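Coordinates in review
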Amino acid sequence: MGHDVGDMALIEVSKRLENTVRADDTVARMGGDEFIIIFNGLKVEDDVHNLANNIIKQISEPYVFGTVEYFLGVSIGISIFPRDGTSVDELIKQSDSAMYLSKNSGGNMITDA
C-alpha cells in the first residue's frame with residue numbers, strides 16, 4: 001500500500017483514538033504502529049475493558065483513502081496499576097507482552113497482563 005497510505009492510516013487511527021478516549025486520558029504513539037493509552041482515574045477494572053472494546057470497534061470501522069477502502073485490526077494489551085506494576089516501565093512492559101499475546105492469538109482482541 002506504500003508509505004503514503006500508511007501515514008494516512010496512522011493519522012486517522014490517531015484521530016479515532018483521541019475521539020474515543022475521555023478528555024483526561026492520554027494517547028501517544030510509541031513508534032511504528034503502536035500506541036499507548038493511559039486511562040486516568042478509573043475505579044473499576046471493567047471500565048478499562050469497556051473502553052478497550054470501544055477502541056476496537058472504532059479502529060475496525062473502514063478507512064477510505066482515495067477510492068480504496070481499507071480495514072485495520074487492533075490488538076490491545078492491558079496493564080493496571082498497581083496490580084501489574086508500580087512503575088511506568090513495568091506497566092509498559094506488561095502491557096506490551098499482553099499486546100503480543102493478543103496479536104499471536106489472531107488480533108482484534110484484548111489481553112490482560
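Refer to the structure printed above.
Source: prediction; values computed, not measured. (Residues numbered from 1 in each chain as written. Predicted model: local features only at pLDDT ≥ 70, side-chain atom pairs only at ≥ 80, totals over all residues. Heavy atoms only, no water.)

When you go through the protein residue by residue, the secondary structure sums to three helices and six strands. Listed by position from the N terminus, the elements making up the protein come as α-β-β-α-β-β-β-α-β. Computed over its C-alpha atoms, the radius of gyration of the protein comes to 14 Å, within 12% of the 13 Å expected for a compact globule of 113 residues. Judged by the C-alpha coordinates and their principal axes, the protein covers about 45 × 30 × 20 Å. Considering only contacts within the protein whose residues lie at least 6 apart along the sequence, 47% involve residues at least 24 apart. For the protein, the exposed area adds up to about 7200 Å²; of that, 52% sits on carbon and sulfur atoms. With 9 positive and 18 negative side-chain charges, the protein shows a separation of 1 Å between the mean positions of the two kinds. (Helix = DSSP H or I, 4+ residues; strand = E, 2+ residues; numbered from the N terminus. Rg over C-alpha atoms; globule rule 2.2 N^0.38 Å. Contact = heavy atoms within 4.5 Å. Areas by Shrake-Rupley, 256 points an atom, 1.4 Å probe, with all protein chains shown as cover. Lys, Arg positive; Asp, Glu negative; His and termini not counted. Charge placed at Lys NZ, Arg CZ, Asp CG, Glu CD.)

Moving on: the nonpolar core. Among soluble globular proteins, nonpolar side chains are generally buried collectively. Ile-59, Tyr-63, Phe-65, Ile-76 and Ile-78 are the most contacted members of the largest nonpolar core, which has 16 residues in total. When contributions to this core are tallied by element, the ones reaching two or more residues are helix 1 (2-20), helix 2 (45-60), strand 3 (63-65) and strand 5 (75-78). The greatest single-element share of this core, amounting to five residues, is contributed by helix 2. Tyr-63 has contacts with Glu-12, Val-13, Arg-16, Gln-58, Val-68, Glu-69, Tyr-70 and Leu-72, leaving out every residue within four places of it along the chain. (Core = buried A, V, L, I, M, F, W, Y, C linked by side-chain atoms within 4.5 Å. Buried < 20%, exposed > 50% of the residue type's maximum accessible area, 1.4 Å probe, protein only.)

Further remarks concern helix 3 (residues 88-104). The end-to-end C-alpha separation of helix 3 is 24 Å, in line with the 24 Å expected for 17 residues at 1.5 Å each. If you follow the buried residues of helix 3, they end up packed against strand 2 (34-38), strand 5 and strand 6 (109-112). Among the residues trailing helix 3, Gly-106 stands out with phi positive, at a value near 115°. (Expected span 1.5 Å × (residues − 1).)

The subject of this paragraph is the packing of aromatic side chains. Taken as a whole and assessed by the stated rule, the structure comprises two aromatic pairs. Between the aromatic rings of Phe-65 and Tyr-70, the centroid separation amounts to 5.7 Å while the plane-to-plane angle is 40°, which identifies the pairing as tilted. When sorted by exposure, Phe-65 lands in the same class as Tyr-70, which is buried. Three or more aromatic residues link up through ring pairs in this structure, and these residues are Tyr-63, Phe-65 and Tyr-70. The aromatic ring of Tyr-63 is capped on one face by Arg-16, whose charged end is 3.6 Å from the ring centroid. (Phe/Tyr/Trp six-rings, centres within 6.5 Å; stacked < 30°, edge-to-face > 60°. Lys NZ or Arg CZ within 6 Å of the ring centre and 35° of its normal.)

As paired elements, strand 1 (residues 26-31) and strand 2 share five bridges and run antiparallel to each other. Within strand 2, the residue paired with Gly-31 across the bridge is Glu-34. Where strand 1 folds back on strand 2, the antiparallel hairpin that results is connected by two residues, among which Gly-32 adopts a positive phi of roughly 55°. (Pairing = 2+ DSSP bridges.)

Under the 1.5 Å per step criterion, the end-to-end length of helix 2 is 23 Å for 16 residues, consistent within 8% with the ideal 22 Å. Those residues of helix 2 that fall on the buried side of the exposure criterion are Val-48, Leu-51, Ala-52, Ile-55, Ile-56 and Ile-59. One face of helix 2 carries all of its buried residues, which in axial projection span an arc of 145°. Away from its buried face, by an angle of more than 90 degrees, helix 2 presents the exposed residues Asp-46, Asn-50 and Lys-57. Among the structural elements, helix 1, strand 2, strand 3, strand 5 and strand 6 are those in contact with the buried residues of helix 2. (Arc of directions from axis to C-beta.)

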